[in-house]
Amino acid sequence: MVKQTTALPDAVVTVVTYNSAADIEVCVRSLAAHFPLLAAGRAQVHVVDNASTDNTPAIMQRLSQEFGWLTVHLLSKNLGFGPGNNLVLNSLAAKAFVLLNADAWLVADSFSPALEHLSNSPNTGVIGLPLVYPDGAPQTYAFLPSAWHRWLMLLLGFRDIAKTLMGFAPIKALMQCIPFSRNFLTNHGKPPLDLDDSRSLATAATGEVNSVDWVAGAAMVLSPDFLHQSGGFDPKIFLYGEDEDLCIQAKNLGFRVETLQTTPIVHKLGWGSGAGFQPRVAYMKYNSLRYFIAKNVKTQFNRAVMSALLPFYVYGSNLGHFFRGDN
């Protein structure tokens, strides 16, 4: 249980870490540089460390002495992404909650416009913020519902084919007429953003609001009313699928799920890491998505086909690990 230590803040930012030593200091220092509510004493940052075995705890303890708005929670057990966030979301009161991945960082104040929008939109439960890779290339942050045909198209390499085809104007126009490819164009049809050009960053923040099915948990803003009614993330999902499940909860409770076009947030998402396939991560992803399918996929046909595709969707060319039961 996390204790409330100050008066009601305008925002509480939650970051969950696990062996995040390579990224977490960049993340925290970007908040210091680009989220002015922290310096004004009107916001807090809580980092929940899921029993990291690298230098993350030492880095966080050092940073917590430098920044008074930063609180670090060192856990003795890895609770997973959703339950780690819940530790803060279900214990503190705030006017808004912001979730940020440990491998993500701000290049401008992307949060304040989202907080203002949330304060003026009582029916909004979840706001997803735009993401880019470290080279400025657009990253998908809003999605259509998970379904067997979407998974199959991804397995067949639709993403790479679509990136090539959208360079041809007639085909791009046709792609605008198909929901799946239209969503892809929305996310990937923009040129890379110059992260060092302040004018480009300002121009990217159009303030456009769109209702969507679900958004990435790497950078999202949540309303306290929604969290009070939902209880936050489903604790049975350790890793993967928790962000879509949260958005489904929001819609089932009558809240809107939206995107707001602020200045994009940089998210590594394995970019340039060279980490390769990790059997343990694949095992956790498989089990979480199997639970997600059973909980959220309503039609028997869709559920059956997604369950059949799941090992291929998670393990890909490393399917041997699945059949050997490596975890």
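The following paragraphs examine the structure supplied in this document. Fair warning: this is a prediction, and the values are worked out from it, not measured in the lab. (Residues numbered from 1 in each chain as written. Predicted model: local features only at pLDDT ≥ 70, side-chain atom pairs only at ≥ 80, totals over all residues. Heavy atoms only, no water.)

Some details on the side chain of histidine 267
If you trace the backbone, histidine 267 turns up in strand 14 (residues 265-267). A polar contact of 2.7 Å, which involves the side chain of histidine 267, links it to the side chain of glutamine 139. In this view, histidine 267 contacts Asn101, Asp103, Ala104, Leu131, Val132, Tyr133, Pro134, Gln139 and Ala218; residues no more than four positions away in its chain are not counted. (Helix = DSSP H or I, 4+ residues; strand = E, 2+ residues; numbered from the N terminus. Polar contact = N/O pair within 3.5 Å; in protein donor to acceptor, adjacent residues only side chain to side chain. Contact = heavy atoms within 4.5 Å.)

Thoughts on the nonpolar core
One finds Phe35, Leu100, Phe111 and Leu222 to be the most contacted residues of the largest nonpolar core, which totals 65 residues. With 5 residues, the top contributor of residues to this core is strand 1 (residues 11-17). Residues contacting phenylalanine 35, with those up to four places away along its chain left out, are Ala11, Val13, Ser30, Ala43, Leu106, Asp109, Phe111, Ser112 and Leu115. Listed in part, the 12 residues of the second largest apolar core include Tyr286, Val297, Leu309 and Val314. (Core = buried A, V, L, I, M, F, W, Y, C linked by side-chain atoms within 4.5 Å. Buried < 20%, exposed > 50% of the residue type's maximum accessible area, 1.4 Å probe, protein only.)

What to know about the sheet that holds strand 1
On the basis of which strands lie adjacent, the open sheet formed by 8 strands has the order 3-2-1-4-12-6-13-10 and mixed pairing. Bordering the open sheet on either side are strand 3 (70-74) and strand 10 (209-211), each of which pairs with just one other strand. Put simply, the sheet's adjacent strands are angled 25° from each other on average, direction ignored. Relative to strand 2 (residues 43-49), strand 1 runs parallel, the two sharing 7 bridges. Directly across from threonine 14, in strand 2, lies its bridge partner histidine 46. In this fold helix 1 (residues 24-34) packs onto strand 1, strand 2, strand 3 and strand 4 (97-100), with an angle of close to 170° to the strand it touches most, strand 1. (Pairing = 2+ DSSP bridges. Axes fitted to C-alpha atoms, helices over the stretch in contact; angles between N-to-C directions.)

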